[in-house]
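Examination of the molecular architecture
Each chain, letter by letter, is given below.
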2 protein chains.
Amino acid sequence: MRNLKVFIAYNGAEYHGFQRQDNAVTVQEVVERALGKLLKTEPPTVYGCSRTDAGVHARRFCFNVHIDSAIPCEGFIKGMNTLLPRDIAVLSCEEAEEDFHARYCARGKEYVYMLSTKPQRDVFLQKLAYHYPYKPDVDTMNRAARLLVGEHDFAAFCRAECKGRVKSTVRTIYDMEVTERGDICEIRVRGNGFLYNMVRIAAGTLLYISEGRRTEQDILKALESGDRALCGVTLPPEGLYLNEVFY
Amino acid sequence: MRNLKVFIAYNGAEYHGFQRQDNAVTVQEVVERALGKLLKTEPPTVYGCSRTDAGVHARRFCFNVHIDSAIPCEGFIKGMNTLLPRDIAVLSCEEAEEDFHARYCARGKEYVYMLSTKPQRDVFLQKLAYHYPYKPDVDTMNRAARLLVGEHDFAAFCRAECKGRVKSTVRTIYDMEVTERGDICEIRVRGNGFLYNMVRIAAGTLLYISEGRRTEQDILKALESGDRALCGVTLPPEGLYLNEVFY
């Protein structure tokens, strides 16, 4: 059996995340159905690098899938892009080692949180950015972001229900940076792994810092104590992009 | 009665154009309903600067509306933006002369046709650009575009059914330019007025020129003869933006 390593992009606006669910349309289900049609088999199971929440986007998302077919990778890409809806695209496909697993082999990921800072909402970024109609204090946010870089216990930066589910809430952030170009402000973060809602809470905390509602001291205390209340709000999903997965 | 001059932006993906229709949701209807709610009256009639086709977008679209209310312009903008769906935004509102009419007083308009030229479709430009997965020959297109600038009979550049409806098919194009930045190619055109489908046919003709399927001679002959067959295809609506209206 072949093991294919496939990168896709998707606009998450119309999906309840990547991972298959019983009562909602997810990217996984749509991809598996297209695979079944392409290969003329039962839809095979794909293994995604991440779950991603409802409404979250992916510029580069990796999954692997075991198939019997001899279809060339080029044909796989073209065929899938014909079968998939226009908000999902296959970017690349290559042969992987037998034991490659998109989730367990990932060494790191990059996420971007995108804010549209125009006073009025941008009708073309409707489900593609979070509308934050103020000028954020980028320097202050960058100073605070540096406190999150490194290996820390990010228990304060994840949704309560996730804590029971993971063995450890320690993660390493390699770097985190806030940039501004015109009316778009982007918070970019790379790390070896992320807890549930971690990027959306971290981005919300930086905005609270920009607004003076939290201090750098609060961040340090949050890392120390695991107290969620010291962080900012969880920003909505439409601004979040999984930008890259590293292997 | 006051006469308000209002600029809006809208993402046309979910609308059957601006102008009210019996069996389809249009921007006009949604705006009028919001106005009725804001002013606590029957929805007043708004007069748009243009019809725009189903799926076409507007970065700046002007309408005027006669109202009795004393609501300040700032309150009008804020109120409307609260009441309107997220794919329509009021950008500005000012008092206009009694006889101002958004359509009849327009001196000119600017349209942009946007092409996404990535080999694979861009899932984030799904209904916001036309996916043309080739590298267009921008220099050749610009040479051809210059032939369209000036006062011409654009009968060949409009849908057959429009010819009976307008007094004249003579229009003036002030300028027309093709630019490329990364994987985005934009065809920008300014003129005193545009016939039905004129921009989409002109853009399609420039692409046919880029592909060697039409020549500069064909354009000259099309302008002379009014023969639609000498032009290129009508490009789909999702790439078209009404960018500005001049008064």
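Described below are features of the structure shown in this document. (Residues numbered from 1 in each chain as written. Chains lettered and ligands numbered in written order. Predicted model: local features only at pLDDT ≥ 70, side-chain atom pairs only at ≥ 80, totals over all residues. Heavy atoms only, no water.)

Some points on the overall build of chain A
Within chain A one finds six helices and 10 strands. Once the C-alpha set of chain A is aligned to its principal axes, its extents read approximately 60 × 40 × 30 Å. Within chain A, contacts between residues at least 6 apart in sequence are counted, and of these 71% link residues at least 24 apart. Surface summary for chain A: the accessible area is close to 11400 Å², and the carbon and sulfur share equals 48%. Computing the positive centroid from 33 side-chain charges and the negative centroid from 33, chain A places the two 3 Å apart. (Helix = DSSP H or I, 4+ residues; strand = E, 2+ residues; numbered from the N terminus. Contact = heavy atoms within 4.5 Å. Areas by Shrake-Rupley, 256 points an atom, 1.4 Å probe, with all protein chains shown as cover. Lys, Arg positive; Asp, Glu negative; His and termini not counted. Charge placed at Lys NZ, Arg CZ, Asp CG, Glu CD.)

Some words on the packing of helix α3 (residues 138-148) of chain B against helix α5 (residues 216-225) of chain B
Two numbers describe a pair of packed helices, the interaxial angle and the distance between the axes. All names here are of chain B. At a minimum axis distance of 10 Å, the contact between α3 and α5 shows a crossing angle of 15°. Relative to α5, the element α3 lies roughly parallel. For the crossing formed where α3 meets α5, the hand is right-handed. When α3 is examined against α5, the residues Arg143, Ala144, Leu147 and Leu148 are found in contact with a partner set consisting of Glu216, Ile219, Leu220 and Leu223. Tallied by class, residues from the contact of α3 with α5 come to six nonpolar, no polar and two charged. (Axes fitted to C-alpha atoms, helices over the stretch in contact; angles between N-to-C directions. Parallel < 35°, antiparallel > 145°, perpendicular 65-115°, else oblique. Left-handed = near helix turned anticlockwise from the far one by under 90°. Nonpolar A, V, L, I, M, F, W, Y, C, P; charged D, E, K, R; others polar.)

Regarding the pattern of salt bridges
Overall, the coordinates contain 31 salt bridges over all chains when judged by the stated rule. As a salt-bridge pair, Arg60 of chain B and Glu244 of chain B come within 2.9 Å of each other at their nearest N and O atoms. Residue Arg60 of chain B is found in strand β3 (residues 57-67), and its partner Glu244 of chain B is found in strand β10 (residues 240-246); the two are separated by 184 residues along the sequence. A salt bridge links Arg143 of chain B to Glu216 of chain B; its shortest N-O distance comes to 3.5 Å. Here Arg143 of chain B, found in helix α3, pairs with Glu216 of chain B, found in helix α5; they are 73 residues apart in sequence, far enough to count as distant. Three or more residues joined by partner-sharing salt bridges are found here, namely Glu110, Asp175, Glu186, Arg188 and Arg190 of chain A. (Salt bridge = Lys/Arg side-chain N within 4 Å of Asp/Glu carboxyl O.)

Digging into the pairing of strand β1 (residues 2-10) of chain A
All names here are of chain A. A large share of β1 lies buried, amounting to nine of its nine residues. Side chains of β1 alternate between two faces, with Arg2, Leu4, Val6, Ile8 and Tyr10 and Asn3, Lys5, Phe7 and Ala9 buried alike. Bridge count between β1 and strand β3 (residues 57-67): eight bridges; the pairing is antiparallel. Residue pairing in the sheet places Tyr10 in a bridge with Ala58 of β3. One ladder, built from eight bridges, connects β1 with strand β4 (residues 88-96); its direction is antiparallel. Residue pairing in the sheet places Phe7 in a bridge with Ser92 of β4. (Buried < 20%, exposed > 50% of the residue type's maximum accessible area, 1.4 Å probe, protein only. Pairing = 2+ DSSP bridges.)

Comments concerning the packing of helix α3 (residues 138-148) of chain A against helix α5 (residues 198-210) of chain A
Residue and element names in this part refer to chain A. In the contact formed by α3 and α5, the axes pass within 9 Å of each other and the chain directions differ by 135°. One way to sum up the angle between α3 and α5 is to call them oblique. The chirality of how α3 crosses α5 is right-handed. Contacts between α3 and α5 involve Thr140, Met141, Ala144, Ala145 and Leu148 from the former and Ala202, Leu206, Leu207, Ile209 and Ser210 from the latter. Partitioning the contact of α3 with α5 into residue classes produces eight nonpolar, two polar and no charged.

Things to note about the packing of aromatic side chains
Enumeration according to the criterion identifies 20 aromatic pairs over all chains in this entry. For the ring pair Tyr130 of chain A and Tyr132 of chain A, a centre distance of 6.5 Å and an interplane angle of 40° mean the geometry is tilted. Judged by its relative accessible area of 23%, Tyr130 of chain A falls in the partly exposed class. In textbook terms, an aromatic cluster arises when at least three aromatic residues are bridged by ring pairs, as seen for Phe7, Phe100 and Tyr247 of chain A. Its guanidinium or amino end placed over the ring of Phe124 of chain A, Arg59 of chain B lies 5.9 Å from that ring's centre, counting from NZ or CZ. Over the ring of Tyr208 of chain B we find Arg213 of chain B, and its NZ or CZ is 4.1 Å from the ring centre. (Phe/Tyr/Trp six-rings, centres within 6.5 Å; stacked < 30°, edge-to-face > 60°. Lys NZ or Arg CZ within 6 Å of the ring centre and 35° of its normal.)

Topic: unusual backbone geometry
All names here are of chain B. Residue Lys40 is not a glycine yet carries a positive backbone phi of 55°. Mapping Lys40 onto the fold places it in the loop between α1 (27-39) and β2 (46-48). At Asn197, a residue that is not glycine, the phi angle is positive and equals roughly 70°. Within the secondary structure, Asn197 is located in the loop between β9 (184-191) and α4 (198-210).

Structural notes on the relation of the copies chain A and chain B
In this arrangement, two copies of a chain are superimposed by a rotation about an axis accompanied by a shift along the axis. Each copy superposes on the other: chain A lies on chain B with an RMSD of 0.0 Å after a rotation of 180° and an axial shift of 0.0 Å. Given the turn and translation reported, the copies of this chain are related as if by a two-fold rotation axis. Both copies share a contact surface, since 100% of the interface residues of chain A are interface residues in chain B too. (Least-squares fit on C-alpha atoms with pLDDT ≥ 70 in both.)

A look at α3 of chain A
Residue and element names in this part refer to chain A. Among the residues making up α3, those that are buried are Val138, Thr140, Met141, Asn142, Ala144, Ala145 and Leu148. Here the buried face of α3 lies against β7 (150-153), β8 (170-181), β9 (184-191), α5 and α6 (216-225). Immediately downstream of α3, the backbone of Gly150 shows phi near 115°, a positive value.

Looking at the interface of chain A and chain B
With 24 residues of chain A at the interface, the matching set in chain B holds 24 residues. Carbon and sulfur atoms make up 53% of the surface buried where chain A meets chain B, a total of about 2000 Å² over both sides. It is Arg86, Arg121 and Phe124 of chain A in chain A that bury the most area against chain B; as a group they hold 41% of the surface buried on that side. Here chain A is connected to chain B by two salt bridges. (Buried area = accessible area lost by both parts, 1.4 Å probe.)

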